[in-house]
Amino acid sequence: MILVYVETSAEGIQEVSLETVTFARTLSEAGNGVPIDAVVVGPAPNDLSTELASYGVRNVHHASGDDFDLFSGAATASAVIAARQVAGSVVVMAGGTNRGNEVVARVATRLDVPMAANVVSFHGLSPFVVTRQVVGGAALEEMRLGKRPAVFSVAGHAVEPVPAETPGAGSIVPLAVDLAPEDLLGRVTSVEGADTDDADSLKSARVVVGAGRGAGGPDGFGDVIELAELLGGTLGVSRVVTSLGWRPHHEQVGQTGSRISPEVYIPCGISGAIQHWAGCASSKVILAINTDAEAPMMTKATYAVVGDMHEVVPAINEEIRRRRG
Ligand SMILES: Cc1cc2nc3c(=O)[nH]c(=O)nc-3n(C[C@H](O)[C@H](O)[C@H](O)COP(=O)(O)OP(=O)(O)OC[C@H]3O[C@@H](n4cnc5c(N)ncnc54)[C@H](O)[C@@H]3O)c2cc1C
């Protein structure tokens, strides 16, 4: 049995969890149709059962109650271990988010088994061998998980989320969890932050226009925002930009921001540091604009324009407007 820790929010099931269930189906097929169960901890969206059923999930083990209303890594790990005992899983997986990685790391530690973070593919169940991203996605390494259960997280965008050809039952099974007092020593007490719709629209955008330090200051984004609007896309920025307070954090692309996979990414005045590249490497086409022809983003891009973004971008905007009449 394969058990997937599924993350939810008020808006529904996180995209990365649907990717992880899709990934789990590949394992299931390799294991002659071994069933996939999910474990959900805390408040759940109304369509939880229907949506997970459409991705091929058999049972959804749901831990709810006051102790699970806000996230605690230790309490969530206890719920995952309880679900594993009920379901008898030989594989435990989560999406490679901060929380997903924390939870599976805690699960592996408590079960005294190895864990692989940010897996992108697997090569066999016995021995259980996976390939995973390291150094912020700049390198891949193969890893063998030599003890059961195999515990790992799946890197964001490793697979597209695709519903199953044959749906599962998606039956909700209430999960009883015996929490120890120490499970609740570290827990979230309140959450405030960006509008998740904004971050989600960046992750799913077909065109992203990026801007980095080269924008020059908080007033330097007018042209890139206009280009994004002309192309029906959205703005994404580097961490320097958010750290300096020029733009909000939900616009950040990278290891500690959003991972994007648009049809076209146009990074302007962004050097392409490894941590930024980790978030944009899945872009289908990259058109980089930078004054430095040797910047890593320029050498990795599909197309590179050497020039000042404050001259090149307005010229592109003007040409688009001219062609559209
Ligand atoms: C743990 C950790 C996590 C991180 N996470 C992230 C992350 O999620 N996302 C992220 O982006 N970074 C992240 N970083 C930071 C990352 O290492 C870089 O510092 C950052 O990406 C650099 O941003 P930048 O490219 O805008 O700035 P710089 O590296 O300073 O590059 C600016 C670029 O703009 C060019 N330029 C300057 N003026 C112009 C102009 N007028 N026209 C055109 N080009 C111009 C320059 O040639 C240069 O290439 C992280 C770092 C750490 C340590």
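From a predicted model like this one, the values you see are computed outputs, not experimental measurements.

A. Fine view of the overall build of the protein. For the protein, the helix and strand inventory stands at 10 helices and 16 strands. Here the C-alpha radius of gyration of the protein, 21 Å, is about what a compact globule of 325 residues would show, namely 20 Å. Within the protein, buried positions represent 48% of all 325 residues. Restricting the contact set of the protein to residue pairs at least 6 apart, pairs at least 24 apart contribute 64%. Just so you have it, the protein exposes about 15100 Å², and 49% of that area is on carbon and sulfur atoms. Positive and negative charge centroids in the protein, built from 23 and 37 side chains respectively, lie 6 Å apart.

B. Layout of the packing of aromatic side chains. Under the definition given, this model contains five aromatic pairs. Between Phe 23 and Phe 122, the ring centres sit 6.5 Å apart and the planes meet at 55 degrees, which makes this aromatic pair tilted. A residue pair is termed long-range when its members are at least 10 positions apart, and Phe 23 in helix H1 (residues 15–30) and Phe 122 in strand S7 (residues 115–125) qualify at 99 residues. Both residues of the pair, Phe 23 and Phe 122, count as buried.

Here is what the cut-offs are and how they apply
Residues numbered from 1 in each chain as written. Predicted model: local features only at pLDDT ≥ 70, side-chain atom pairs only at ≥ 80, totals over all residues. Heavy atoms only, no water. Helix = DSSP H or I, 4+ residues; strand = E, 2+ residues; numbered from the N terminus. Rg over C-alpha atoms; globule rule 2.2 N^0.38 Å. Buried < 20%, exposed > 50% of the residue type's maximum accessible area, 1.4 Å probe, protein only. Contact = heavy atoms within 4.5 Å. Areas by Shrake-Rupley, 256 points an atom, 1.4 Å probe, with all protein chains shown as cover. Lys, Arg positive; Asp, Glu negative; His and termini not counted. Charge placed at Lys NZ, Arg CZ, Asp CG, Glu CD. Phe/Tyr/Trp six-rings, centres within 6.5 Å; stacked < 30°, edge-to-face > 60°.

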